[in-house]
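So the chains spell out like this:
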Protein chains: 2
Amino acid sequence: MASKILLIVLDGASDRPVNGTTPLAHAVTPNLDALAFGGINGLMDTIAPGIRPGSDTSHLAILGYDPYKYYTGRGPFEAAGVGIEVKGGDIAFRCNFATLEGGIVTDRRAGRIEDTDELAKAINEKVKVPGVEVIFKRSTGHRAALVLRGKGLSAAITDTDPKKEGLPIKECHPTDDSPEAKRTAEIVNSVSKQVLEAIDQSPVNVERRKMGLPAGNVILIRGAGEVPHIPPFPERHGLKAAVVANAGLIIGIGKMCGLEHLTVSGMESMEPVERISVKVNKALEALQTHDFVLLNIKGADEAGHDGGFERKVQFLEAVDAAFAPLKNLKDTLVIITVDHSTPVTLKDHSADPVPILMNGPGVRVDEVTRYTELTAHKGGLCRIRGMDVMNIAMDLINNTKKFGA
Amino acid sequence: MASKILLIVLDGASDRPVNGTTPLAHAVTPNLDALAFGGINGLMDTIAPGIRPGSDTSHLAILGYDPYKYYTGRGPFEAAGVGIEVKGGDIAFRCNFATLEGGIVTDRRAGRIEDTDELAKAINEKVKVPGVEVIFKRSTGHRAALVLRGKGLSAAITDTDPKKEGLPIKECHPTDDSPEAKRTAEIVNSVSKQVLEAIDQSPVNVERRKMGLPAGNVILIRGAGEVPHIPPFPERHGLKAAVVANAGLIIGIGKMCGLEHLTVSGMESMEPVERISVKVNKALEALQTHDFVLLNIKGADEAGHDGGFERKVQFLEAVDAAFAPLKNLKDTLVIITVDHSTPVTLKDHSADPVPILMNGPGVRVDEVTRYTELTAHKGGLCRIRGMDVMNIAMDLINNTKKFGA
């Protein structure tokens, strides 16, 4: 019987057929196919049939957390994704740096400003709210996240983002009658004003104005959400657990669920294909010290969003090559699945169910010989849901309790 | 169209593969296979995927009762299992006979005492609680069950079992603030003391002390549960219903659901294999007078718990031989399934889904040719749940109402 679990998510790898085939079916994937051949296969609706998942909601579900209960909006997950160590009860927001001139938002993205380190630093240093911790972190480009931490706060408030240019920044208003919402709206309005004071004359902005570029002198605040209290995965299952991923959103979700994020250094300078092997090896190494490792591999999703059938095929073949060492794993239940389909014909996520395979001691090996979304339904798992994965896995490693006698 | 239902549960028959095969797949089972060949097949999660079922929770689910609603702990089901005619609202407990010396529990099983008839009789005669009926019944060995029946009782109380030897019997305490819990805790403490008075000097105990054996002079009380109000199966479905089973737990569940228990006399002196035929014949006979018969056949579960692959094969082949008369059934929907897997490699229940077949007039016969957990997923039922069985069965015998117009 296996005692460890390696859960690999091929982000967006699943597809709809083009001329009768899909990137997964068209790709030459001997290692994936060997794992399918020696394992049990099926289709999975990560949320439910026909429900189009995000990567955040689907990863929550696959980790065993009902997204309808634990997904409280994008703010908290974005904040975790950009590296803020969010805590249950925090109020988190997505932000844009924007340009305010004469009281009017003239550019909602501040000319797609890139260099926001200094601005973020100034915001963290200068913006103060009595009794509330204000945490601000920049993300890529003009994007950023904001967290308010303290007692007596609420996410029942409106955005300050006017949504289009030529309008003033909106006042933040409470959306219910609670004193918490009233107070939080006041805090957001105060933060909004303090940010302008903190960064309007910042050297970066002085320089940008000189060059005729829009200043990033305000932030637009939206998507308020209360960070959910997520029961930590390691305590819930009694497993020492880690996540290997590059995408901020997946790292953030992993951390929010209590998974240790294992960083792989020097990835930036690597080719995408080289990254896959490095991450697979990192995950295999992690299994020496952890009971559960979540490995997210992102590239197929990007190919899907770009509509690149051939690019998706090539990426999946590279993934397959990097999976050669998986066949030497012992004592481990290997689960390979996908968080959502990203059809190249759609260039977006779809709800088409995704293939899932489980390979390891004790599984009921079926007659499926390839890992594709067109053959998986013939396998012994039939059609399961994301929320079933951890329950099934914990049963297969004999680490679960009986319900009844 | 059939008008009757024979539901056969092969307790624990399902398994995980050993060298690529399972006891069910390895066994020669021409009768089961003929029923699969002529019927519709599928996999079933008795509770839900990955949820490891007990025999009690799984039988409840298969009979159409949500175990998350109706399973109120082991006490009520153990009490029903040892033959107490429990009623909805009763507070039921599991008990041990134990040895108390100088106020200290010196043996939690009273030297694994066997002869407890006289002790149980004394308890039932002498222990009195005003306004409350106290029902005590011995089970096998040192085990017993206790039921308190009356108004104003609660199961929100602690155990008296100190869990290890060398400690006094614990006081029973309420676990909520209700007057019912306070009163019930007082009653349990009173019963605990009265039992000592009732049986400490009982002839059995005097004799045991003479022989240097630990006396069974107290009972340890645990697992309080309120007997659920289960809507009677016959009224719910309009079916005259019976259960044929040997295991106390299954008989108890059958009775709690309002099924008539049909006893088969003289089973004790029979070989296990002989018992199967007698029980199958009893079930077939019962179909003359009843609309629904639940037949539970226990042996495969025991072989699984003992880890005996070959023993499980032999038992299943004996079961199959006893099923020869099933092919002559007319007017009956035959359902053959399993309550949970008991893999010989695990020696305990697992959550691996179990095979289910339905054979009778009107079913959509599929291409499955054998009754095994490795082939069932190819059938027309795909993967269903225990709670679906009665709904599907009632529809197939055309004894159900339309939802809508």
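- With an unreviewed UniProt entry as reference, chain A is termed 2,3-bisphosphoglycerate-independent phosphoglycerate mutase, source organism Methanocella arvoryzae.
- According to its UniProt record, chain A has this under Pathway (unreviewed entry): "Carbohydrate degradation; glycolysis; pyruvate from D-glyceraldehyde 3-phosphate: step 3/5."
- Recorded under Sequence similarities (unreviewed entry), the UniProt text for chain A is reproduced unchanged: "Belongs to the BPG-independent phosphoglycerate mutase family. A-PGAM subfamily."

## Remarks on the domain arrangement of chain A
All names here are of chain A.
Here is step 1: Taken domain by domain, chain A holds domain 1 (4–71 + 231–396) and domain 2 (77–226).
Here is step 2: Using C-alpha coordinates to define each centre, domain 1 is positioned 35 Å away from domain 2.
Here is step 3: Here domain 1 and domain 2 share an interface that buries about 630 Å² over both sides, 76% of which is from carbon and sulfur atoms.
Here is step 4: For domain 1, the biggest contributors to the area lost against domain 2 are Leu249, Lys255 and Met256; these three give 57% of the whole.
Here is step 5: Seen at the junction of domain 1 and domain 2, the total is one salt bridge.
Here is step 6: Where domain 1 packs against domain 2, one counts one residue pair in polar contact (both at pLDDT 80 or more).
Here is step 7: Of the residues forming the side of domain 1 that touches domain 2, the biggest block, six residues, is contributed by helix 10 (residues 248–256).
Here is step 8: For the side of domain 1 that touches domain 2, the residue count by class is six nonpolar, two polar and one charged.

## Considerations on the sheet that holds strand 1 (residues 4–10) of chain B
The strands making up a sheet associate through hydrogen bonds between their backbones, and the pairing can be parallel or antiparallel.
Residue and element names in this part refer to chain B.
Here is step 1: The strand order across the open sheet formed by eight strands is 10-9-11-1-12-13-2-14, and the pairing between neighbours is mixed. The open sheet terminates on both sides in strands that have one partner only, identified here as strand 10 (260–261) and strand 14 (382–385).
Here is step 2: As defined by bridge partners, strand 12 (residues 332–337) adjoins strand 13 (residues 354–359) across three bridges and the pair is classed as antiparallel. Across the sheet, Val334 pairs through a bridge with Asn359, a residue of strand 13.
Here is step 3: Sheet strands in contact with helix 2 (residues 30–37) are strand 2 (40–45), strand 12 and strand 13, and its direction is about 65° off that of strand 13.

## Structural notes on the relation of the copies chain A and chain B
Here is step 1: Of the transformation superimposing chain A on chain B, the axial component is 0.1 Å and the angular component is 124°, with the fit at an RMSD of 0.2 Å. One copy is carried onto the other by what is essentially a three-fold rotation axis.
Here is step 2: A different interface surface on each copy is seen, since only 8% of the contact residues of chain A are contact residues in chain B too.

## A closer look at the pattern of salt bridges
Here is step 1: Counting across every chain of the model gives 40 salt bridges over all chains.
Here is step 2: Taking the shortest distance from any N to any O, the salt bridge between Lys182 of chain A and Glu186 of chain A comes out at 3.5 Å. Here Lys182 of chain A and its partner Glu186 of chain A are both found in helix 7 (residues 179–199), four residues apart, which amounts to about one turn of the helix.
Here is step 3: Note on Glu186 of chain A: relative accessible area 46%, which makes it partly exposed.
Here is step 4: One salt-bridge network, held together by shared partners, links Asp395 of chain A together with Arg16, Arg52 and Asp352 of chain B.

## Here we look at helix 5 (residues 74–81) of chain B
Residues and elements named next belong to chain B.
Here is step 1: The buried fraction of helix 5 is high, at six of eight residues.
Here is step 2: Those residues of helix 5 that sit buried are Gly75, Pro76, Phe77, Ala79, Ala80 and Gly81.
Here is step 3: For helix 5, the elements touching its buried residues are helix 3 (55–62), helix 4 (67–70), strand 4 (91–101), strand 7 (143–149), strand 8 (218–226) and helix 10 (248–256).
Here is step 4: Following helix 5 by one or two positions, Gly83 adopts a phi angle in the positive range, close to 105°.

## Points about the packing of aromatic side chains
Here is step 1: In this structure the tally under the stated criterion is ten aromatic pairs over all chains.
Here is step 2: Considering the side-chain rings of Tyr71 of chain A and Phe77 of chain A, the 4.9 Å spacing of their centres and the 25° angle between planes classify their relative orientation as stacked.
Here is step 3: A relative accessible area of 23% places Tyr71 of chain A in the partly exposed class.
Here is step 4: Residue class for Phe77 of chain A comes out buried when judged on its relative accessible area of 0%.
Here is step 5: Aromatic pair Phe233 of chain A and Phe292 of chain A: ring centres 4.5 Å apart, planes at 45°, arrangement tilted. Of the two residues, Phe233 of chain A sits in helix 9 (residues 233–237) while Phe292 of chain A sits in strand 10 (residues 292–297), which places them 59 residues apart along the sequence.
Here is step 6: Here the aromatic cluster, defined as three or more aromatic residues joined through ring pairs, consists of Phe403 of chain A together with Tyr68, Tyr71 and Phe77 of chain B.

## Some words on the nonpolar core
Here is step 1: Among the nonpolar cores identified, the biggest contains 92 residues, and Leu10, Phe233, Phe292, Ile297, Phe323 and Ile336 of chain B are the most heavily contacted of them.
Here is step 2: Looking at which element gives the most residues to this core, the answer is helix 13 (residues 309–322) of chain B, with seven residues.
Here is step 3: Split by domain, the residues of this core number at least three in each of domain 1 (4–71 + 230–396) and domain 2 (77–226) of chain B.
Here is step 4: Setting aside anything within four residues of it in sequence, one finds Ile297 of chain B in contact with Ile8, Val9, Leu10, Asp11, Ile276, Lys279, Val280, Phe315, Val319 and Phe323 of chain B.
Here is step 5: If you look at the next biggest cluster of nonpolar residues, it comprises 89 residues, including Ala27, Ala322, Leu326 and Val344 of chain A.

## Considering the sheet that holds strand 11 (residues 332–337) of chain A
Residue and element names in this part refer to chain A.
Here is step 1: Read across the sheet, eight strands follow the order 9-8-10-1-11-12-2-13 without closing on themselves; strand pairing throughout is mixed. This sheet does not close on itself; its edge strands, each paired only once, are strand 9 (260–261) and strand 13 (382–385).
Here is step 2: Strand direction decides the pairing type here: strand 2 (residues 40–45) and strand 12 (residues 354–359), joined by five bridges, are antiparallel. Note that in strand 12 the partner of Gly42 across the bridge is Ile356.

## Observations regarding the UniProt feature "domain: Metalloenzyme" (unreviewed entry) in chain A
Here is step 1: As annotated by UniProt and renumbered to match this structure, "domain: Metalloenzyme" (unreviewed entry) occupies residues 4–395 of chain A.
Here is step 2: The annotated region residues 4–395 of chain A carries 33% helix and 20% strand content, and the separation between its end C-alpha atoms amounts to 12 Å.

## Considering the environment of Arg311 of chain B
Residue and element names in this part refer to chain B.
Here is step 1: Within the element layout of this structure, Arg311 appears in helix 13.
Here is step 2: Owing to a relative accessible area of 38%, Arg311 belongs among the partly exposed residues under this scheme.
Here is step 3: When the C-alpha atoms of Arg311 and Ser350 are compared, they prove to be 19 Å apart, with 39 residues separating the residues in sequence.
Here is step 4: Contacts of Arg311, omitting those with residues within four sequence positions, involve Glu302, Ala303 and Asp306.

## What to know about unusual backbone geometry
All names here are of chain B.
Here is step 1: In this structure, Lys347 takes a positive phi of about 55° despite not being glycine.
Here is step 2: Counting through the fold element by element, Lys347 comes out in the loop between strand 12 and strand 13.
Here is step 3: Positive phi is not limited to glycine here, since Cys382 has a value of about 55°.
Here is step 4: Residue position: Cys382 is located in strand 14.

## Some remarks on helix 6 (residues 117–126) of chain A
Here is step 1: Looking only at helix 6 of chain A, the buried set comprises Leu119, Ala120, Ala122 and Ile123 of chain A. Taken down its axis, helix 6 of chain A places every buried residue within 160° of arc, on the same side.

## Re the interface of chain A and chain B
Here is step 1: Across the contact, 25 residues belong to chain A and 36 residues belong to chain B.
Here is step 2: Of the roughly 2,300 Å² buried between chain A and chain B, counting both surfaces, carbon and sulfur atoms make up 54%.
Here is step 3: Looking only at chain A, the three residues that lose the most surface to chain B are Arg364, Phe403 and Ala405 of chain A, adding up to 37% of its buried area.
Here is step 4: At the junction of chain A with chain B, the criterion picks out four salt bridges.
Here is step 5: Notably, a salt bridge pairs Arg16 of chain B with Asp395 of chain A, separated by 3.2 Å at the nearest N-O pair.
Here is step 6: Here chain A and chain B share 18 residue pairs in polar contact (both at pLDDT 80 or more) between them.
Here is step 7: Elements with a contribution of two residues or more to the side of chain A that touches chain B: strand 13, helix 14 (389–396) and strand 14 (402–403) of chain A.
Here is step 8: The element that contributes the greatest number of residues to the side of chain A that touches chain B is helix 14 of chain A, accounting for four residues.
Here is step 9: Here strand 14 of chain A pairs with strand 3 (residues 52–53) of chain B via two bridges, running parallel. Counted as the bridge partner of Lys402 of chain A is Arg52 of chain B from strand 3 of chain B.

Thresholds applied
- Every chain is numbered independently, its residues counted from 1 as its sequence is written.
- Working convention: letters from A go to chains and numbers from 1 go to ligands, in the order in which they are written.
- Selection of residues for local features in this predicted model requires a pLDDT of at least 70, selection of side-chain atom pairs for listing and counting requires 80 or more, and totals for whole chains, interfaces and linings are taken over all residues.
- Water and hydrogen atoms were dropped before computing side-chain values, which therefore reflect all heavy atoms in the structure.
- UniProt positions are given in the numbering used here, feature names are shortened, and annotations may be inferred rather than shown by experiment.
- An automatic or database domain assignment provides the domain bounds reported here.
- In this description, buried area is defined as the sum, over both parts, of the accessible area (probe of 1.4 Å) that is lost when the two are combined.
- The term salt bridge refers to a side-chain nitrogen of Lys or Arg lying within 4 Å of a carboxyl oxygen of Asp or Glu.
- Nitrogen and oxygen atoms within 3.5 Å of one another constitute a polar contact, given that in protein one can donate a hydrogen and the other can accept it, and given that sequence-neighbouring residues count only through two side-chain atoms.
- Labels follow the DSSP assignment, with helices taken as runs of H or I lasting at least four residues and strands as runs of E lasting at least two, numbered in each case from the N terminus.
- Each residue gets one of three labels, nonpolar for Ala, Val, Leu, Ile, Met, Phe, Trp, Tyr, Cys and Pro, charged for Asp, Glu, Lys and Arg, and polar for the others, Gly among them.
- At least two bridges found by DSSP between two strands is the condition for calling them paired.
- By the convention used here, residues are in contact when the closest approach between their heavy atoms is within 4.5 Å.
- For helices, the fitted axis covers only the stretch in contact; all axes are lines through C-alpha atoms, and the angles between them, taken along N-to-C directions, range from 0 to 180 degrees.
- The copies were overlaid by least squares, fitting only the C-alpha atoms of residues that reach a pLDDT of 70 or more in each copy.
- Partly exposed residues are those whose accessible area sits between 20% and 50% of the maximum for their type, while under 20% is buried and over 50% is exposed, using a 1.4 Å probe and protein chains only.
- Between the rings of Phe, Tyr and Trp (Trp by its six-membered ring), a pair exists once the centres lie within 6.5 Å; its type follows the angle of the planes, with under 30 degrees stacked, over 60 edge-to-face, and the other angles tilted.
- Here, the term nonpolar core denotes a set of buried Ala, Val, Leu, Ile, Met, Phe, Trp, Tyr and Cys residues that are joined through side-chain atoms within 4.5 Å.
- Taken from the helix axis, the directions to the C-beta atoms give the arc we talk about.

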